[in-house]
Amino acid sequence: MAIVLNEYEWAEKMIHNRDLGKKPFETLTRVAKYYYENRYSKREIRRLLDQFLIGCNPDASLFFWSDSLDKIARGVHKYPLIQIDYIPVTQEELDQIKNAGSPNVQRLAFTLLCVSKYWDLVSHQNNHWVNSPDKEIFSMANISASSKTQDMLYGKVLSAGLIRQSKKIDNLNMQVLFQSENQNDPVLLIRDFRNLGFQYMKYLGGPFFECAQCGATVKMLEHNQYKSRKKDCYHGGRGRRQRYCPSCAAEIRTKQNVDAVMRRRSQRSAI
């Protein structure tokens, strides 16, 4: 499952917005844990999942989803709801990352650090290990690379002494070795695991910003892109900096157009 730091707030938002997200099964699982946290019985949770699913998608087939929802409701007690405020990153850790190599090597090292800290908070026996799939790691790090290049980047982080591999042949997990013993006075707080690589580059002063709508850290448009998409991604008047990611900007522009049409219709009908 994709990493969400505060599953309680996340599930509450999805319920309020009637949003299944891009991975409906993961959303339904977290929504079930939210209800369980609020002391609903498994039978009540099963009923509420039906209601949530239909509320999000009236065309959804309850028959098709029945087995999956049964499974989610039965196992809802196995994994407690995760509620983490933030992941702290210290100056000492950032200094070691900065000396690791190329920007992509640094992004990967930063992502591995954040993920290992997440799992440490989820399980006190984790001991700085990263057990997320490579696909998720590189997606969070904002690195698009072939398997060969991924192996090379891992090798660079390994040779820098920042991680070690498991001694078990069939275990591909990595242990982060450069977590600072003193986590007091962090210089960076990670509250969102989307685009960790961009967040790291933003910290270094790169051209990145947080979308005012969804909160994701994204790259600023270049000047020629800005000129062609100014209405969509720059909002609030002349001279304002980019405020929305392309996805949110498109949604906002669509809503504005619909609202404008409805206002014109209302004005005509009032005449």
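Look above for the structure.
First, a word on scope: everything that follows refers to the structure included in this document. (Residues numbered from 1 in each chain as written. Predicted model: local features only at pLDDT ≥ 70, side-chain atom pairs only at ≥ 80, totals over all residues. Heavy atoms only, no water.)

The nonpolar side chains of soluble globular proteins are, as a tendency, buried together. In this structure, Leu 108, Phe 110, Leu 112, Ile 190 and Phe 193 are the most contacted members of the largest nonpolar core, which totals 40 residues. Of all the secondary-structure elements, those providing two or more residues to this core are β1 (87–89), α5 (91–98), α6 (103–122), α7 (134–140), α8 (147–159), β4 (174–176), β5 (188–190) and α9 (196–203). Leaving out residues up to four positions away in the same chain, Ile 190 has contacts with Leu 5, Tyr 86, Ile 87, Val 89, Phe 110, Cys 114, Leu 196 and Gln 199. Counting 19 residues, the second-largest nonpolar core is a separate cluster that includes Ala 11, Ala 32, Tyr 35 and Leu 69. (Core = buried A, V, L, I, M, F, W, Y, C linked by side-chain atoms within 4.5 Å. Buried < 20%, exposed > 50% of the residue type's maximum accessible area, 1.4 Å probe, protein only. Helix = DSSP H or I, 4+ residues; strand = E, 2+ residues; numbered from the N terminus. Contact = heavy atoms within 4.5 Å.)

What follows is about a nonpolar patch on the surface. Taken together, the side chains of Val 187, Tyr 203 and Leu 204 define a hydrophobic patch exposed on the protein surface, amounting to about 230 Å² of accessible area. Mapped onto the elements, Leu 204 comes out in the loop between α9 and β6 (208–210). (Patch = residues over 30% accessible without salt bridge, like charges linked within 9 Å, V, L, I, M, F, W, Y side chains within 5 Å. Areas by Shrake-Rupley, 256 points an atom, 1.4 Å probe, with all protein chains shown as cover. Salt bridge = Lys/Arg side-chain N within 4 Å of Asp/Glu carboxyl O.)

Quick look at the layout of surface pockets now. When its volume is computed, the largest pocket comes out at roughly 1,800 Å³. Along its surface, the largest pocket is lined by 41 residues, and Ile 3, Val 4, Trp 10, Asp 192 and Arg 194 are the ones closest to its centre. For the lining of the largest pocket, the elements supplying multiple residues, two or more each, are α1 (7–17), α2 (24–37), α7, β5 and α11 (246–270). With 5 residues, α1 is the single largest residue contributor to the lining of the largest pocket. Broken down by class, the residue content of the lining of the largest pocket amounts to 15 nonpolar, 11 polar and 15 charged. Roughly 700 Å³ of volume is contained in the second largest pocket. Contributing to the lining of the second largest pocket are 27 residues, with Met 1, Glu 7, Thr 29, Lys 33 and Tyr 79 lying nearest its centre. For the lining of the second largest pocket, the secondary-structure elements that each account for two or more residues are α2, α4 (62–74) and α6. Broken down by element, the residue count for the lining of the second largest pocket peaks at 5 residues, all from α2. (1 Å grid on protein atoms, 1.4 Å probe; cavity = no way out; pocket = protein on both sides within 12 Å on 5 of 7 lines; lining within 4 Å. Points joined across faces, edges and corners; volume = space filled by probe spheres on them. Nonpolar A, V, L, I, M, F, W, Y, C, P; charged D, E, K, R; others polar.)

Note that all results are geometric; they support no functional claim without further evidence.
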